[in-house]
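Topology and contacts: notes
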Amino acid sequence: MKLFFATLILAGLISCSRKPDAKEFLTYYEKSGYLKTPHYDATIDFCKKMAEASPYLSFTTFGESPRGLGLPLLIADKNQNFSIEEVRHTDNIVVLIQACIHAGESEGKDAGMMLMRDIAVLQKYPELLEHVTILFIPIFNVDGHERFSAFNRINQNGPMEMGWRTTAKNLNLNRDFMKADAPEMRDWLKLYNMWLPEFFFDCHTTDGADYQYTLTYGLEVSGNTEAKLSNWMKNIYMKDIEQKMKEQDVLIFPYVGFRNWHDPRSGLESWVAPPMLGDGYAAVQNRASLLIETHMLKDYKTRVNATYEILKQSLITLNKEYKNLKQLVKSADEYTASAEFRKTAFPLSFKQSKDSEMVSFKGFAYTSEKSDLSGGEWFKYSQTPQEWKIPYFNKQVIAEKAMIPEAYIIPPEWQSVISRLDLHGIKYRKLKQSQKFKVVSYIFKNVIFSNKSYEGRQRVQKFDMDEITEDRKYPIGSVIVQCNQRTARVIAHMFEPKAYDSFVNWGFFSSIFEQKEYGESYVLEPLARKMLANDAKLKTEFEKKMEEDKEFAESPEAILNWFYLRSEYRDKQINIYPVGKLY
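The structure presented is a predicted model; accordingly, all values stated were derived computationally and were not measured. (Residues numbered from 1 in each chain as written. Predicted model: local features only at pLDDT ≥ 70, side-chain atom pairs only at ≥ 80, totals over all residues. Heavy atoms only, no water.)

Here the focus is helix 16 (residues 556–564). Ile559, Leu560, Asn561, Trp562, Phe563 and Tyr564 are the residues of helix 16 that are buried. Those residues of helix 16 hidden inside the fold are in contact with helix 13 (521–534), helix 14 (536–548) and helix 15 (550–553). (Buried < 20%, exposed > 50% of the residue type's maximum accessible area, 1.4 Å probe, protein only. Helix = DSSP H or I, 4+ residues; strand = E, 2+ residues; numbered from the N terminus. Contact = heavy atoms within 4.5 Å.)

Spelled out as structure tokens, the structure:
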């Protein structure tokens, strides 16, 4: 009997140590001849199969879509540390690889599944887990992913069928990182701010002109990332990757737009990603990131291979640089939380400098003619390679900035804003009793709203504002957000109105711009005359308004309301920002 059990144990050990057959772990994409990408169920089944075959992989979900599909997550760790608490007791850095945020752009999913298999199942590259724990999201936009069709990406050369760009509610997740309207994004933010990965890969496919490069990449190094971290991304990480990709014979170039769309010779331009985008969000969280944009006109196999290669080569570099990166992130967090950080104005947005440099760009010969159908410019690309020396506008200057206070204070009625604080990992405290504070705030004027919906919201398109200082009594339950924390950059982008992704611009506070009380004409007619008789400055202002604004001068209602808004009966809170800044 003892011999029988010993034989069973030995057989089990032999079975566990048996190297998996590579043929058993071909992906759906590989089996299709590199032409197809799998549906959701097949993707999940393959991830689970890999996790069952490898002790270094764990499959889980980190949330659920509005249509009830789990948001998949594969975790790879050589020590089987599959929780953040376990990982943070080691020297490992955490790397997040995200695919299919735009579900029709599926290269990251197929490349990522092959790479995870090669690292953890077939163990071709076990060294890539030496100092790195990998989080892999094969499909982020799961509902959009299942809107499968051969006609979802008109500009894209394969796969044969693919998912849709947006969620089931037609929201673009890659515009949602700050406002967090989508349930999927709220789950993602919980995951991100729990793990706080040192490096983030966001896998996409780009549209635009035709050119020779298989892959373009985006790095946030133009002012929205802490300087030392930015320098590491640009001068250490990316220089290493550029050399490695050259050795692999994969043509890459920075992610650019064209000064005249579709026309590379018009000049190239880059920009700073706002935090509504994944790479911009990582930047304000003091984390490194790489935006991967494969070129849509290359065949699908070429694009997947390029994605695989840049992920693999990056993991080689990150395993070498893990200590350096970990220290840089720690220092960036400490600096952002320090008083020193708040001594100078914080850049809220950027604009392109007029300066440029001449660069070589590998394109294809093309012609342009006026279309007899649309009347627009019709670009026709050939397959003849050409290389041009063209201007590259890659320098950014600050467009808007603000001084970050010691704290922001938000009244309790603004729960739609307060509820986002936890999602972004922001710490705060609530007033246990009402209290008066001297605050700096803003009064808005000339507010103009967008004339159409954007991501399910009517954005505030333009406004002017004046800074005000006043005493305000904030009620019990008001929230105080101290800025001496690592998330101070996120806090500033949330509460400084001039930031592109501020909650003012996203419409969270739009009701403060609405007039709710009005005066009747039989009351305002005599009141207006009295005001004119008693205030010479007001009389001059009114006469100027009547002379310069014809539409106003022809509207009795507008004229009388003009006086109402300057009377003691006006709403003294209209256009007043309810958020206060404490210094």
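On we go.
As a further point, take unusual backbone geometry. Cis geometry is adopted by the peptide bond preceding Pro159, which originates at Gly158 and carries an omega value of 5°. Here Pro159 is to be found in the loop between helix 6 (142–145) and helix 7 (183–195). Its identity is not glycine, yet Asn446 carries a phi of approximately 55°, on the positive side. Mapping Asn446 onto the fold places it in strand 17 (residues 435–449).

Its 15 residues give helix 5 (residues 107–121) an end-to-end C-alpha distance of 20 Å, which sits within 8% of 21 Å, the value for a rise of 1.5 Å per residue. Most of helix 5 sits out of view: 15 of its 15 residues are buried. Of the residues flanking the end of helix 5, it is Gln123, one or two places downstream, whose phi is positive at about 55°. (Expected span 1.5 Å × (residues − 1).)

Another point: the side chain of His424. Within the secondary structure layout, His424 lies in the loop between helix 11 (415–423) and strand 16 (429–430). His424 gets classed as buried once you look at its relative accessible area, which sits at 0%. A distance of 2.9 Å separates a polar atom in the side chain of His424 from a polar atom in the side chain of Tyr281. Apart from residues no more than four positions distant in its own chain, His424 is found in contact with Phe177, Met178, Leu189, Asn193, Tyr281, Gln285, Thr487, Val490 and Met494. (Polar contact = N/O pair within 3.5 Å; in protein donor to acceptor, adjacent residues only side chain to side chain.)

What follows covers the pattern of salt bridges. Here the idea is simple: oppositely charged side chains can pair when their charged atoms come close. Per the counting criterion, the structure on display carries 32 salt bridges. Between Arg153 and Glu105 there is a salt bridge, and its shortest N-O distance comes to 3.2 Å. Here Arg153, found in the loop between helix 6 and helix 7, pairs with Glu105, found in the loop between strand 3 (93–98) and helix 5; they are 48 residues apart in sequence, far enough to count as distant. Overall, Arg153 belongs to the buried group, its relative accessible area being 12%. Ionic pairing is found between Glu105 and Arg165, a salt bridge with its closest N-O pair at 3.5 Å. Of this pair, Glu105 sits in the loop between strand 3 and helix 5 while Arg165 sits in the loop between helix 6 and helix 7; the two residues are 60 residues apart in sequence, bridging distant segments of the chain. A relative accessible area of 2% means that Glu105 is categorised as buried. The partly exposed category is assigned to Arg165, whose relative accessible area is 32%. Several salt bridges share partner residues, and in doing so they unite Asp176, Lys179, Asp181, Arg420 and Arg457 into one network. (Salt bridge = Lys/Arg side-chain N within 4 Å of Asp/Glu carboxyl O.)

Taken as a whole, this structure holds 44 aromatic pairs when the rule is applied. One aromatic cluster is present, built from ring pairs that chain together Trp414, Tyr442, Phe444, Phe449, Phe463, Phe509, Phe513 and Tyr577. Note that Lys301 overlies the ring of Tyr34, its terminal NZ or CZ placed 4.2 Å from the centroid. Here Arg459 stacks its cationic end above the ring of Trp506, 4.4 Å away from the centre of that ring. (Phe/Tyr/Trp six-rings, centres within 6.5 Å; stacked < 30°, edge-to-face > 60°. Lys NZ or Arg CZ within 6 Å of the ring centre and 35° of its normal.)

Quick look at the sheet that holds strand 8 (residues 257–260) now. With respect to topology, 4 strands assemble into an open sheet ordered 8-9-13-12, the strand pairing being mixed. Of all strands in the sheet, those bounded by a partner on one side alone are strand 8 and strand 12 (357–370). Each strand of the sheet is rotated relative to its neighbour by a mean of 45°, with strand direction disregarded. Note that strand 12 and strand 13 (residues 377–393) share 13 bridges and pair antiparallel. Considered in strand 13, the bridge of Ser368 is made with Phe379. (Pairing = 2+ DSSP bridges. Axes fitted to C-alpha atoms, helices over the stretch in contact; angles between N-to-C directions.)

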